[in-house]
Amino acid sequence: MSSDEVSAADPRTGTVASILDGATGWEPLAGGLAHHVRRVRLADGRPAVVKRTPASSQIPPGMFALEAAGLRTLRDLGGVQTPEVYEVTEHHLVLAALAPRTDTDRYWEEAGRAIARLHSVQGSAFGWPEDGWLGLLPQHNQQTSDGHEFFATHRLLRYATEPKVQQVLDQTDLTRLERICERLPELLPPAPAVLTHGDLWRNNLIATDQGTPVLIDPAVHWNWAEADLSMIYSVDRPPEPFFAAYEEAAAPQPGWRDRMDLLNLREQLSVLAHFGSDLPDWIRDTKTVLRKYS
């Protein structure tokens, strides 16, 4: 095991019993933007995936416990498949290892129907009973019955004060963002609060050995279905069978594709809040959306 991997003997956590005792392999996997991910073989022979934040980053308290709870919610309330959680601590999350996507039309059709099933679960308010995390930054989930207010305050303006956002967006940009938030009731039709994954991009869909879609890395909350859909539509878009199957199962409001770039502004701002000037293409695209809708 390399020095940056968590074990029961991690000096930061003390010596406690862990399912990772005796794990072998430690094969790096492509992960998200904030974490290291490795595939291991547990001492009892089961393949598993270990997710942890790099030692150079401060791990927000309770991050992995909230992720594990989100996976349970997606499975138990949302009716979609998620990996079994083997172990969760303050410093790592251990999940059952699954398979890569097949990227066939059949896979994406099943995935589209799975997301439609998730979005069929309606809530009484937007938000969630507790705040969560998106990447390494807090996701503010204060509940409200007004979807436009929720999206404006807790999904858009929430990022305006982040230091890296203020470094790359000037005052004109921020004024445009405020104007968009004021205009949201004109720009976006009212819709119910539904159960959303919250970080729905292509790489957060994997598969069982039989090829059934499985969701990982959630940031669960009640929101507009289109807000969830906007990320997978706008970032590394999957093939059309996904959206055709989703439309057939969910019957979204007419013109939903025309609203995707506006709704994906939340993801653009989140990425800038994490990486700022390191991503000039994201800065350019964010400014374009701000000009278009303000």
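Summary of the structure given here.

Section: the overall build of the protein chain
Assigned secondary structure in the protein chain consists of 10 helices and 11 strands. In terms of overall dimensions, the protein chain is globule-like: its C-alpha atoms have a radius of gyration of 19 Å, near the 19 Å expected for 294 residues. With the C-alpha coordinates aligned to their principal axes, the bounding extent of the protein chain is approximately 60 × 40 × 35 Å. Evaluated residue by residue, the protein chain yields a buried proportion of 53% over its 294 residues. Summarising the internal contacts of the protein chain: among those between residues at least 6 apart in sequence, 65% fall at separations of at least 24. For the protein chain, the accessible area works out to roughly 13,300 Å², and carbon and sulfur atoms hold 50% of it. The positive charge centre, built from 28 side chains, and the negative charge centre, built from 40, are 2 Å apart in the protein chain.

A short note on helix H10 (residues 280-293)
Between the first and last C-alpha of H10 there are 21 Å, a value that for 14 residues agrees with the 20 Å anticipated at 1.5 Å per step. Buried within H10 are the following residues: Ile 283, Thr 286, Lys 287, Val 289, Leu 290 and Tyr 293. Within H10, the buried residues cover an arc of 160° as seen down the axis, which keeps them to one side. Facing away from the buried side of H10, by more than 90 degrees, are the exposed residues Pro 280 and Lys 292.

So, the pairing of strand S4 (residues 85-88)
One ladder, built from three bridges, connects S4 with strand S5 (residues 93-96); its direction is antiparallel. Looking at S5, one finds that Val 85 is bridged to Leu 95. Linking two consecutive strands that pair antiparallel, namely S4 and S5, is a turn of four residues.

Regarding the packing of helix H6 (residues 225-234) against helix H7 (residues 240-250)
For the pair H6 and H7, interaxial distance at closest approach is 12 Å and the crossing angle is 165°. When the axis of H6 is compared with that of H7, the two are roughly antiparallel. Crossing hand, H6 versus H7: left-handed. Each of Ala 225, Leu 229, Ile 232 and Tyr 233 in H6 lies in contact with H7, whose residues at this interface are Phe 242, Phe 243 and Tyr 246. Counted by class, the contact of H6 with H7 contains seven nonpolar, no polar and no charged residues.

A closer look at the packing of helix H3 (residues 147-156) against helix H9 (residues 265-275)
Running from amino to carboxyl end, H3 crosses H9 at an angle of 15°, the nearest separation of the two axes being 10 Å. In terms of their interaxial angle, H3 and H9 are classed as roughly parallel. Here H3 and H9 pass one another in a crossing that is right-handed. Residues Phe 151, Arg 155 and Leu 156 of H3 form the contact with H9, whose participating residues are Leu 265, Arg 266 and Leu 269. Looking at the contact of H3 with H9 residue by residue, the classes come out as four nonpolar, no polar and two charged.

Regarding the sheet that holds strand S1 (residues 24-29)
Taken in spatial order, the five strands of this open sheet run S1-S2-S3-S5-S4, and their pairing is antiparallel. Here the strands that pair on one side only, and so sit at the sheet edges, are S1 and S4. Each adjacent strand pair in this sheet contributes to an overall mean axis angle of 25°, direction not counted.

Side note on the environment of Arg 202
Locating Arg 202 in the fold gives a position in the loop between strand S8 (194-196) and strand S9 (205-207). Note on Arg 202: relative accessible area 14%, which makes it buried. Sequence separation between Arg 202 and Met 231 is 29 residues; the distance between their C-alpha atoms is 8.8 Å. Apart from residues lying up to four places away in sequence, Arg 202 is in contact with Arg 101, Asp 103, Trp 108, Ile 232, Asp 236, Arg 237, Pro 238 and Pro 239. Side-chain polar atoms of Arg 202 contact the backbone oxygen of Arg 237, separated by 2.9 Å.

Concerning the side chain of Asp 217
Counting through the fold element by element, Asp 217 comes out in the loop between strand S10 (213-215) and strand S11 (221-223). In this structure the side chain of Asp 217 is engaged in a polar contact, spanning 2.8 Å, whose partner is the side chain of Lys 51. Those residues in contact with Asp 217 that sit more than four places away from it in its chain are Lys 51, Glu 67, Leu 71, His 197, Asp 199 and Asn 204.

Here we look at H9
Among the 11 residues that make up H9, 10 are buried, leaving the element largely enclosed by the rest of the structure. Among the residues of H9, Leu 265, Arg 266, Glu 267, Gln 268, Leu 269, Ser 270, Val 271, Leu 272, Ala 273 and His 274 are the ones counted as buried. Downstream of H9 by a residue or two, Gly 276 has a phi angle that is positive, lying close to 50°.

Definitions and cut-offs
- Residues numbered from 1 in each chain as written.
- Predicted model: local features only at pLDDT ≥ 70, side-chain atom pairs only at ≥ 80, totals over all residues.
- Heavy atoms only, no water.
- Helix = DSSP H or I, 4+ residues; strand = E, 2+ residues; numbered from the N terminus.
- Rg over C-alpha atoms; globule rule 2.2 N^0.38 Å.
- Buried < 20%, exposed > 50% of the residue type's maximum accessible area, 1.4 Å probe, protein only.
- Contact = heavy atoms within 4.5 Å.
- Areas by Shrake-Rupley, 256 points an atom, 1.4 Å probe, with all protein chains shown as cover.
- Lys, Arg positive; Asp, Glu negative; His and termini not counted.
- Charge placed at Lys NZ, Arg CZ, Asp CG, Glu CD.
- Expected span 1.5 Å × (residues − 1).
- Arc of directions from axis to C-beta.
- Pairing = 2+ DSSP bridges.
- Axes fitted to C-alpha atoms, helices over the stretch in contact; angles between N-to-C directions.
- Parallel < 35°, antiparallel > 145°, perpendicular 65-115°, else oblique.
- Left-handed = near helix turned anticlockwise from the far one by under 90°.
- Nonpolar A, V, L, I, M, F, W, Y, C, P; charged D, E, K, R; others polar.
- Polar contact = N/O pair within 3.5 Å; in protein donor to acceptor, adjacent residues only side chain to side chain.

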